[in-house]
Amino acid sequence: MAQSATKPATAADVARFVAAAEKESLDFSVDNARVAWINATYITDDTDALAAQYGAKGTEMAVRFALDAARYQTVAGVSSELQRKLTILRTGITLPAPTTAGAATELNTIATRLQSAYGKGRGTLGGKEINGSDIEDEMGKTHTPAEYQEMWTSWHDRVGKLMKADFVREVEIANAGAKELGFPDVGAMWRSAYDMPPDDFAALTEKIWQEVKPLYDSLHCYTRTKLNEKYGDAVQAKTGPIRADLLGNMWAQEWGNIYPLVAPPGSGDLGYDITELLKAKNYDAVKMVKAGEAFDSSLGFAPLPATFWDRSQIVKPRDREVVCHASAWDVDNKDDLRIKMCTKVNGDDFTTIHHELGHNYYQRAYNGQDALYLNGANDGFHEAIGDFVALSITPQYLVDIGLLDKAKVPSADKDIGLLLRQAMDKVAFLPFGLLIDRWRWNVFDGSIKPADYNTAWTEMRLRYQGIAPPSERGPDAFDPGAKYHVPGNVPYTRYFLARVLQFQFYQAACKLSGWKGPLHRCSFYGNKAVGEKLNAMLTLGASKPWPDALQQFTGSREMSGKALLAYFAPLKGWLDQQNKGKVCGW
Ligand SMILES: [Zn+2]
């Protein structure tokens, strides 16, 4: 509670406030997780209503804590530990409403309307309406350029356009909320959650981007050539930007779906397919999860609790609606770990399992921390742990666990194929991972005005990704709305950070395990020393600034693109050979 003007708050008041906030949020989080779990695994009108009720309760609580924390932040004599907790409370809400009468309701109504508009969004293919997840799938399959263009344009026109007015108003209200919490605007508030001044964080992301940009440029140039060879000059020119709808993904964010089109002759065929290996060895969904667990056990982590196997949703139930999007849970913040998936026996889901279990092992490792520290060192860390483990699914690892025959391990001349397949997803993603929030930061600070929302978006897509829309965008277009995380209000820089961090973790683990070969062939499976050091970082949760956590495992305090560059170094040389004589850039 805020103090009256006559009696200034003391450090002891702050300590009492923080302790009470931690207890209340911890108690709430357990009930909230149970409600959210039953809603996600058994969707009915009743569980929807309960989830909405708990969501509103959680928002109300987070706003109350943030406002009180903002008032307490200036109290003299508060320990750095408590200051850290106040900052976590103050930045604990993504979209803050101001205290003006009616503002919270209006903001909540708009946010719900935007998310529901996205969920119900439809595009068309061959003139027929198709829903969001189907159109996403179809963009990854083989179609004519005209069909790609139809899907891209219909999705952006039908889903994005209608959101513009609501989004403009949402930005106004949330900015007023951020100001009440002591931030210049919402973007600055988001950037304040990284243990450094907001401007320094923006500069750090720019530094990382400049490190990895030459690799992206080489991949862009090579891919553009292949698209030109496939479609001809009229569809994809030899120079300039790539047409956004030809890259196998609605947002051109990951290009792995068009790997067959860019695969190098000879080395492009890797000689094995994980889906086929799993089927040949009679893997089912549970056996796949057991294999994921076995990886972490091999590093010295304790096995998953018995309740994990009783309570997880590993396969899609036959008789009810569920949310299939994969996620990892720690319902009681202690040991009630679960995953929720609709696992299919294929290579993608095998990777996803390793990713989700990474979240679970992180959650369990930090379960001894105070309530406000039950989190990753920053929001990029949590996503990176799972991905870093999944990088270890190398051919040799598949041999170690008995999936691949030793004689079938691809020889070194297949390295380019292995690396290019990875790069089409992980390198292609980098500028996209950066620009979503670059655009939003400028929207929130007012340097992009509502009248310019779409032209600025298209300009940034061109500047960072080197892509252009397949058709002219009208003055009323609102293309950012066609990407879930914009109407869904999910900050996006975390995914950019995760892409970079996972390679830093991977390089550190391989160095620790004494690996001498090319980085992308390293698996640290079975290495207890790696497990011990990894656990030391995970155990910290959010209790220390993220550079401390990073140093604990990698020895460095700096987030950097250098490890990613080391991983892809052979590919970079090869791409530059292929691009010789071509005019790269756009
Ligand atoms: Zn994840």
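Above this note sits the structure.
Heads up: these notes are all about the structure in this document. (Residues numbered from 1 in each chain as written. Predicted model: local features only at pLDDT ≥ 70, side-chain atom pairs only at ≥ 80, totals over all residues. Heavy atoms only, no water.)

**As for unusual backbone geometry**
- Positive phi, normally seen in glycine, also occurs at D195, with a value near 60°.
- One can find D195 in the loop between α8 (186-191) and α9 (198-231).
- The phi angle at A252 is positive, at roughly 55°, despite the residue not being glycine. (Helix = DSSP H or I, 4+ residues; strand = E, 2+ residues; numbered from the N terminus.)

**Structural notes on the environment of W209**
- Within the secondary structure layout, W209 lies in helix α9.
- Once the C-alpha coordinates of W209 and P431 are considered, the two residues, 222 residues apart in sequence, prove to be 7.6 Å apart.

**Notes on the pattern of salt bridges**
- Counting across every chain of the model gives 36 salt bridges.
- Its salt-bridge partner being K238, residue D233 comes within 3.4 Å of it at the nearest N-O pair.
- Relative accessible area serves as the criterion here: at 53%, K238 is assigned to the exposed category.
- Three or more residues joined by partner-sharing salt bridges are found here, namely D157, K161, R473, D476 and D479. (Salt bridge = Lys/Arg side-chain N within 4 Å of Asp/Glu carboxyl O. Buried < 20%, exposed > 50% of the residue type's maximum accessible area, 1.4 Å probe, protein only.)

**Re the side chain of R438**
- Relative to the helices and strands, R438 is located in helix α18 (residues 429-444).
- Assessed through its relative accessible area of 10%, R438 is described here as buried.
- Engagement of the side chain of R438 in a polar contact is seen with the side chain of T205, the distance being 3.1 Å. (Polar contact = N/O pair within 3.5 Å; in protein donor to acceptor, adjacent residues only side chain to side chain.)

**Considerations on the coordination of the zinc ion**
- Protein coordination of the zinc ion is provided by H355 (NE2), H359 (NE2) and E383 (OE), with donor distances spanning 2.1 to 2.3 Å.
- One chain supplies every donor for the zinc ion, spaced along it as H-x3-H-x23-E. A residue pair is termed long-range when its members are at least 10 positions apart, and H355 in helix α14 (residues 347-365) and E383 in helix α15 (residues 379-390) qualify at 28 residues.
- Take H355: its relative accessible area is 12%, and that puts it in the buried class.
- Taking relative accessible area as the criterion, E383 reaches 22% and is therefore assigned partly exposed. (Donors = N, O, S within 2.8 Å, 3.2 Å for Na, K, Ca; no water.)

**Quick look at the pairing of strand β5 (residues 337-340)**
- Here β5 shows no split at all, with L337 and I339 on one side and R338 and K340 on the other all buried.
- Bridge analysis of strand β4 (residues 327-330) against β5 gives 4 bridges, and the strand direction is antiparallel. Its bridge partner lying in β5, D330 is registered against L337.
- What sits between β4 and β5 in their antiparallel hairpin is a turn of 6 residues, with N333 showing a positive phi close to 60°. (Pairing = 2+ DSSP bridges.)

**Focus on the packing of aromatic side chains**
- Scanning the entire structure with this criterion turns up 42 aromatic pairs.
- Measuring from centroid to centroid gives 5.2 Å for Y397 and Y525, while their planes differ by 65°, and the two rings are edge-to-face. Of the two residues, Y397 is situated in helix α16 (residues 395-400) and Y525 in the loop between α20 (493-512) and α21 (528-539); the sequence distance between them amounts to 128 residues.
- Three or more aromatic residues joined by ring pairs make a cluster, and in this case those are F295, F381, F388, Y397, F503, F505, Y506, F524, Y525, F553, Y567 and F568.
- Geometry around Y373 places K85 over its ring, the cationic atom sitting 5.1 Å from the centre.
- The lysine or arginine in question, K483, covers the ring of W251, its NZ or CZ lying 4.4 Å from the ring centre. (Phe/Tyr/Trp six-rings, centres within 6.5 Å; stacked < 30°, edge-to-face > 60°. Lys NZ or Arg CZ within 6 Å of the ring centre and 35° of its normal.)

**Thoughts on the nonpolar core**
- In terms of nonpolar packing, the biggest core is built from 158 residues, with F381, L398, W439, F505 and F568 touching the most fellow members.
- Aside from chain neighbours lying at most four places away, what touches F381 is Y362, L501, F505, M537, W546, A549 and L550.
- In terms of nonpolar packing, the next biggest core, distinct from the first, is built from 17 residues, A69, L82, L86 and L89 among them. (Core = buried A, V, L, I, M, F, W, Y, C linked by side-chain atoms within 4.5 Å. Contact = heavy atoms within 4.5 Å.)

**A look at the state of the cysteines**
- With the rule as written, the count across this model stands at 3 disulfides.
- Two residues share a disulfide in this structure: C221 and C584, whose sulfurs sit 2.0 Å from each other. Residues C221 and C584 are joined through a disulfide that is left-handed, its torsion about the S-S bond being -80°. Taken as a pair, C221 in helix α9 and C584 in the segment after α24 (569-578) lie far apart in primary sequence, 363 residues in all.
- By relative accessible area, which is 0% here, C221 ends up buried.
- Ordinal numbering of bonded cysteines along the chain defines a disulfide pattern of 1-6, 2-3, 4-5. (Disulfide = S-S within 2.5 Å.)

**Quick look at the environment of G347**
- Note that G347 resides in helix α14.
- Those residues in contact with G347, other than ones at most four positions away along the chain, are I274, T275 and L278.

**What about helix α17 (residues 415-426)?**
- For α17, built from 12 residues, the straight-helix expectation of 16 Å at 1.5 Å per residue is met to within 8% by its first-to-last C-alpha distance of 16 Å.
- With respect to burial, α17 is a largely interior element, 9 of its 12 residues being buried.
- All buried positions along α17 are accounted for by D415, I416, G417, L418, L419, L420, A423, M424 and K426. (Expected span 1.5 Å × (residues − 1).)

**Section: the pairing of strand β2 (residues 128-131)**
- Of the pairings in the sheet, the one linking strand β1 (residues 122-125) to β2 comprises 4 bridges and is antiparallel in character. When the sheet's bridge partners are listed, G123 is paired in β2 with I130.
- The hairpin formed by β1 and β2 contains 2 residues between the paired strands, and G126 there has a positive phi angle of roughly 60°.

**A closer look at the packing of helix α4 (residues 103-119) against helix α7 (residues 164-180)**
- Viewed as axis vectors pointing N to C, α4 and α7 meet at an angle of 145°, and their least axial separation amounts to 10 Å. Our pair here, α4 against α7, has a crossing hand that is left-handed. Only D166, F167, R169, E170, I173 and A174 of α7 make contact with α4, whose side of the interface consists of A103, E106, L107, I110, A111, R113 and L114.
- Residues belonging to the contact of α4 with α7 are distributed by class as follows: 8 nonpolar, no polar and 5 charged. (Axes fitted to C-alpha atoms, helices over the stretch in contact; angles between N-to-C directions. Left-handed = near helix turned anticlockwise from the far one by under 90°. Nonpolar A, V, L, I, M, F, W, Y, C, P; charged D, E, K, R; others polar.)

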